[in-house]
Amino acid sequence: MSNCYHCGADCGKKPVKFNNKEFCCNGCKTVYEILNANELTCYYDLEATPGTIPTEIQGKYNYLDNEEIIEKLVEFNDGETSVVELYIPSVHCSSCIWVLENLSKLNEGVTTSLVNFPKKTVRITFKNEITSLKSIVELMTSIGYEPYISLEDADSKKHKVDKTLIYQISIAAFAFGNIMLLSFPEYFQVDEFWLDKYKYVFRGLMLVMAIPVVFYSAKDYFISAYKGLKHGILNIDVPISIGIAVLFIRSTVEVLFDLGSGFFDSLSGLVFFLLLGKFFQQKTYNFLSFERDYKSYFPIAVTKILNNEEKNIQVKDIKKGDRLLIRNEELIPVDGILINGNAALDYSFVTGESIPVTKKSGDKLFAGGKQTAGAIEMEVINTISQSYLTQLWSNDVFNKSEDFTIKNLTDTISKYFTIAILSIALVAGVIWYFIDSSMAINVVTAVLIIACPCALALSSPFAFGNMLRIFGYKKFYLKNAETIENLSKISTIIFDKTGTITTNDNSKINYEGEILTSEELSHIKTVLRASNHPLSRSLYCFISIDSLEEKPTNFEEILGKGIVAQIKDASIKLGSASFLNIEAKSTNETAIHIEIDAIYKGSFVFHNSYREGTKRVFEELSKKYKLVILSGDNEGEKAYLEKILPKNTQFKFNQKPEDKLQFIKELQKNGEHVLMIGDGLNDAGALAQSNVGIAISEDVNVFSPACDAILDAKLFNKLPTFFELSKKTISVIKYSFIFSFLYNIIGLYFALTGQLTPVVAAILMPLSSISIVVFVTILTNWISKKL
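Computed from a prediction, not measured in an experiment: that's the story for all the values here. (Residues numbered from 1 in each chain as written. Predicted model: local features only at pLDDT ≥ 70, side-chain atom pairs only at ≥ 80, totals over all residues. Heavy atoms only, no water.)

## Here we look at the overall build of the protein
Next, step 1: When its secondary structure is counted, the protein shows 28 helices and 28 strands.
Next, step 2: Approximately 37,000 Å² of the protein is accessible, and the part contributed by carbon and sulfur atoms is 55%. (Helix = DSSP H or I, 4+ residues; strand = E, 2+ residues; numbered from the N terminus. Areas by Shrake-Rupley, 256 points an atom, 1.4 Å probe, with all protein chains shown as cover.)

## Comments concerning the packing of aromatic side chains
Next, step 1: Considering all chains together, one arrives at 20 aromatic pairs under this definition.
Next, step 2: Geometrically, the ring pair formed by Phe176 and Phe273 is edge-to-face, given 5.9 Å between the ring centres and 70 degrees between the ring planes. In this pair, Phe176 sits in helix 8 (residues 164-187) while Phe273 sits in helix 13 (residues 264-287), placing the two residues 97 residues apart along the sequence.
Next, step 3: A relative accessible area of 16% places Phe176 in the buried class.
Next, step 4: Three or more aromatic residues joined by ring pairs make a cluster, and in this case those are Phe176, Phe272 and Phe273.
Next, step 5: Geometry around Phe579 places Lys573 over its ring, the cationic atom sitting 5.0 Å from the centre. (Phe/Tyr/Trp six-rings, centres within 6.5 Å; stacked < 30°, edge-to-face > 60°. Buried < 20%, exposed > 50% of the residue type's maximum accessible area, 1.4 Å probe, protein only. Lys NZ or Arg CZ within 6 Å of the ring centre and 35° of its normal.)

## Notes on the sheet that holds strand 14 (residues 370-371)
Next, step 1: Pairing is antiparallel across the open sheet formed by three strands, whose spatial order is 12-11-14. Unpaired on one side and paired on the other, strand 12 (357-359) and strand 14 mark the two borders of the sheet.
Next, step 2: Inspection of the sheet shows strand 11 (residues 343-346) paired to strand 12 by three bridges, in the antiparallel sense. By the bridge assignment for strand 12, Ala343 is matched with Lys359. (Pairing = 2+ DSSP bridges.)

## Let's talk about a nonpolar patch on the surface
Next, step 1: A surface patch of nonpolar side chains, amounting to about 630 Å² of accessible area, comprises Tyr735, Ile738, Leu742, Ile746, Tyr749 and Phe750.
Next, step 2: Mapped onto the fold, Ile738 is located in helix 27 (residues 719-752). (Patch = residues over 30% accessible without salt bridge, like charges linked within 9 Å, V, L, I, M, F, W, Y side chains within 5 Å. Salt bridge = Lys/Arg side-chain N within 4 Å of Asp/Glu carboxyl O.)

## Considering the sheet that holds strand 6 (residues 121-127)
Adjacent strands of a sheet pair through backbone hydrogen bonds, lying either parallel or antiparallel.
Next, step 1: Judged by pairing direction, the sheet is antiparallel, and its four strands sit side by side in the order 3-4-6-5 without closing on themselves. Every interior strand has two partners, whereas the edge strands, strand 3 (74-77) and strand 5 (110-116), have only one. If you compare each strand with its neighbour and ignore which way they point, the axes differ by 15 degrees on average.
Next, step 2: With six bridges connecting them, strand 5 and strand 6 associate as antiparallel partners. Bridge pairing in strand 6 links Asn116 to Thr121.
Next, step 3: Along the sheet, helix 6 (residues 133-142) contacts strand 3, strand 4 (81-87), strand 5 and strand 6; its crossing angle with strand 6, the most-contacted strand, is approximately 135 degrees. (Axes fitted to C-alpha atoms, helices over the stretch in contact; angles between N-to-C directions. Contact = heavy atoms within 4.5 Å.)

## Some points on the nonpolar core
Next, step 1: Counting residues in hydrophobic clusters, the biggest one holds 49 residues, and the most contacted among them are Ile244, Phe264, Leu267 and Val271.
Next, step 2: At the level of elements, helix 8, helix 10 (199-217), helix 12 (237-256), helix 13, helix 17 (406-435), helix 18 (437-450), helix 27 and helix 28 (758-786) are the ones that each hand at least two residues to this core.
Next, step 3: Leaving out residues up to four positions away in the same chain, Ile244 has contacts with Val214, Ala218, Tyr221, Phe222, Leu267, Leu270, Val271 and Leu274.
Next, step 4: Residues Ala463, Leu468, Leu487 and Leu711 belong to the second largest nonpolar core, which totals 47 residues. (Core = buried A, V, L, I, M, F, W, Y, C linked by side-chain atoms within 4.5 Å.)

## Structural notes on the environment of Glu589
Next, step 1: Looking at where Glu589 falls in the secondary structure, it is placed in the loop between strand 21 (570-575) and strand 22 (590-596).
Next, step 2: The class for Glu589 is buried, based on a relative accessible area of 17%.
Next, step 3: Non-local contacts of Glu589, meaning those with residues more than four positions away in its chain, are made with Val605, Asn634 and Gly636.

## Side note on the packing of helix 11 (residues 219-230) against helix 12
Next, step 1: At a minimum axis separation of 8 Å, helix 11 and helix 12 run at an interaxial angle of 130 degrees. By the angle class used here, helix 11 and helix 12 are oblique. As helix 11 runs across helix 12, the sense of the crossing is left-handed. Across from Tyr221, Phe222, Ser224, Ala225 and Leu229 in helix 11, the residues of helix 12 making contact are Asp237, Val238, Ile240, Ser241, Ile244 and Ala245.
Next, step 2: Across the contact of helix 11 with helix 12, the residue classes break down as eight nonpolar, two polar and one charged. (Parallel < 35°, antiparallel > 145°, perpendicular 65-115°, else oblique. Left-handed = near helix turned anticlockwise from the far one by under 90°. Nonpolar A, V, L, I, M, F, W, Y, C, P; charged D, E, K, R; others polar.)

## Description of the side chain of Lys525
Next, step 1: Position of Lys525 relative to the elements: it lies in helix 21 (residues 518-528).
Next, step 2: If we skip the residues at most four places from it in the chain, Lys525 touches Tyr540, Ile543, Ser544, Ile545, Asp546 and Ser547.

## Overview of the pairing of strand 4
Looking along a regular strand, one sees side chains alternate from face to face of the sheet.
Next, step 1: With five of its seven residues buried, strand 4 lies for the most part within the structure.
Next, step 2: Both strand 4 and strand 6 contribute to a ladder of seven bridges, which runs antiparallel. Residue pairing for strand 6: Val84 is matched across the bridge by Ile124.

## Quick notes on helix 27
Next, step 1: Over its 34 residues, helix 27 extends 50 Å from the first C-alpha to the last, a length consistent with the 50 Å expected when each residue adds 1.5 Å.
Next, step 2: Trailing helix 27 by a residue or two, Gly754 shows a phi angle of about 75 degrees, which is positive. (Expected span 1.5 Å × (residues − 1).)

## Considerations on unusual backbone geometry
Next, step 1: With a phi close to 65 degrees, Ala598 is a non-glycine residue in the positive phi region.
Next, step 2: Mapped onto the secondary structure, Ala598 falls in the loop between strand 22 and strand 23 (599-610).
Next, step 3: On the accessibility criterion, Ala598 (65% relative accessible area) is exposed.
Next, step 4: Of note, the phi angle at Asn654 is positive, near 55 degrees, even though the residue is not glycine.
Next, step 5: Residue position: Asn654 is located in the loop between strand 25 (650-652) and helix 25 (657-669).

## Observations regarding the pairing of strand 22
Next, step 1: The element strand 22 is largely enclosed, with a buried count of seven among its seven residues.
Next, step 2: Across four bridges, strand 21 lies against strand 22 in antiparallel orientation. Following the sheet pairing, Ile572 is matched in strand 22 by Ile596.
Next, step 3: Here strand 22 pairs with strand 23 via seven bridges, running antiparallel. Bridge assignment links Ile594 to a residue of strand 23, and that residue is Gly602.
Next, step 4: Counting the residues that bridge the hairpin from strand 22 to strand 23 gives two residues, and of these Asp597 lies at a positive phi of roughly 50 degrees.

## A word on the packing of helix 12 against helix 18
Next, step 1: Across the interface, helix 12 lies against helix 18 with an axial gap of 8 Å and an inter-helix angle of 155 degrees. It follows that helix 12 is roughly antiparallel to helix 18 by the angle criterion. Judged by the sense of rotation from one axis to the other, the crossing of helix 12 with helix 18 is left-handed. Facing helix 12, whose interface residues are Pro239, Ile240, Ile242, Gly243, Val246, Leu247 and Arg250, helix 18 presents Ile441, Thr445, Leu448 and Ile449.
Next, step 2: Here the contact of helix 12 with helix 18 is composed, by residue class, of eight nonpolar, two polar and one charged.

Put into structure tokens, the structure is as follows:
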């Protein structure tokens, strides 16, 4: 008998042969042929017989020709490119991931496919002209990875509650209680009638009851241990599985050969308390859940148009039917219909391709697109998804890897911890065999159970997670837990000036130059309406004349320089003196210069107002960090800043976006860990290059996947506190490591000296994990309130 080269099933008496390989059916042979023809046979090198038998697909997916059904399933479709996420239940190993992430070699219409292994999903981006959703699903099914597609699930988003753990606990509890009752005669050493008549019956019943406890209730421990060992990983379930197996085998041998009553009571009690601990762990984790509600915490705003008035509202407050104004370089936060203006959308955050897609009035716009051609107006057709924007934000493209992290340390400790515990248990078993052989098995099992790196592994996720929740409540929104760790390592902080340490609310603006007519002011305001730059927004609010209903044409905004646009027959040019090729009256002022129909008119001069607490923030930070002002503006306010900011603050003005990027790279080459604080769009490159990038949000849509955090501008003066909390969180994790080690040392002492039974060890093990979780949660809450 031979096994199938593809799926490992028995080929039977008549295997299907191809290319000197044997297959159980034509389906498996076809999958091999497809992979072989596309030079993807490495699939079989990563794992032996990794495939599954493909199912019949003739006409099965005809419903995917229906446009309405496709629209429900895809997350994104701009006419040219679509994005869909599919659930693949049969994903089980590295070979599965490899072949699914190489779908582009099997279907040229697929541009990318990314697997989320824990969730068993694959996110596929494909070209509509070359392929279709139906073709992709049929291809995946033909190679043994049939997606689970349920339109009911897509509509209702209901999640089934998995009650497996409840059933496992129930069986273990039933068996534990009854085995204890059946063991009473053994406990009290009752002889005579029981010994002659019922001893073997009672022991047989105990064995029968122990079987479902081991093979059903405890199966997850064995499965987890097997999968870990299969991939060369010694996880914590290995010693637990060995402990359960040793107890069961020893007890079975004793009963079958009439050597004794075995340890079925300890075995069933051990599994029951392990599972009970697991259940309470889950309940505790759910209670202390640090999952963040993105709709509540995401501190970005959009401009809503109501009765011809513009009002800034939070993204979470967007409702279906709202009319939104999306300015140049802003992201579209929700799906909608284009009502007004010229849309040229950069969907690189969604599809990975930066070529702008043009849209006309009435076309559908998808969340995640960045407008690149002036202002547009849109009507909302879907409210914000709880996780869609953050899904873009968490894209691996924007992740910043660090060589050494708490997670790496924890993984390393856990790995060697298990090896050490297995060695200790083996040595203890040998020693106790010669001291008291009846105690040896209890000692070995107690050692394997009591010593657990779970508490060690849980401390950092819960400490980071709780701090993320606290930061979120305080409107300091972080991308992920790693950002807290990266913040704690910062050595240099770089601030942009305009819109970061200055505020748009109280800026004083004067006009110097030729008097502008009402029509000219109206033209200028109409052009400014499309820009998201802090100075543009300030000047837009300053000009009291209404803007035109007509939208500017040929709108182009050059970041850090200015804007060129056409309104009716007038050509408008706004920006810096160098952008308009004129010589500024003073190099020490911040101004927007105006040119209409190639004639220079004058300039709006800004006298900046700095954020409340700026001086105190810089003074506090200067004690621990190197500080830099890195601005695209001229040196107009350098003298003033030198007076109010600490003496060791470095100033660099007239910096283009590429200059900022290069400056940060140079600092990093010299070993500095750099934090950049700027606005999310104009400083996107610098934010992406820095070790941590924070975007300041002041009632504007500054969302950019390039940044690691978004801070509500009103909380600028809390920056030192946030940085201190990040450092304190790392200290909490270190304390919890010490706490966990002490617990394990004390537990091992009692186990090795024979003072701890396996049942008591099973009770204490989950309690240690719960205590660590409670410890880090209470401590992080306490330090946040204290600071």
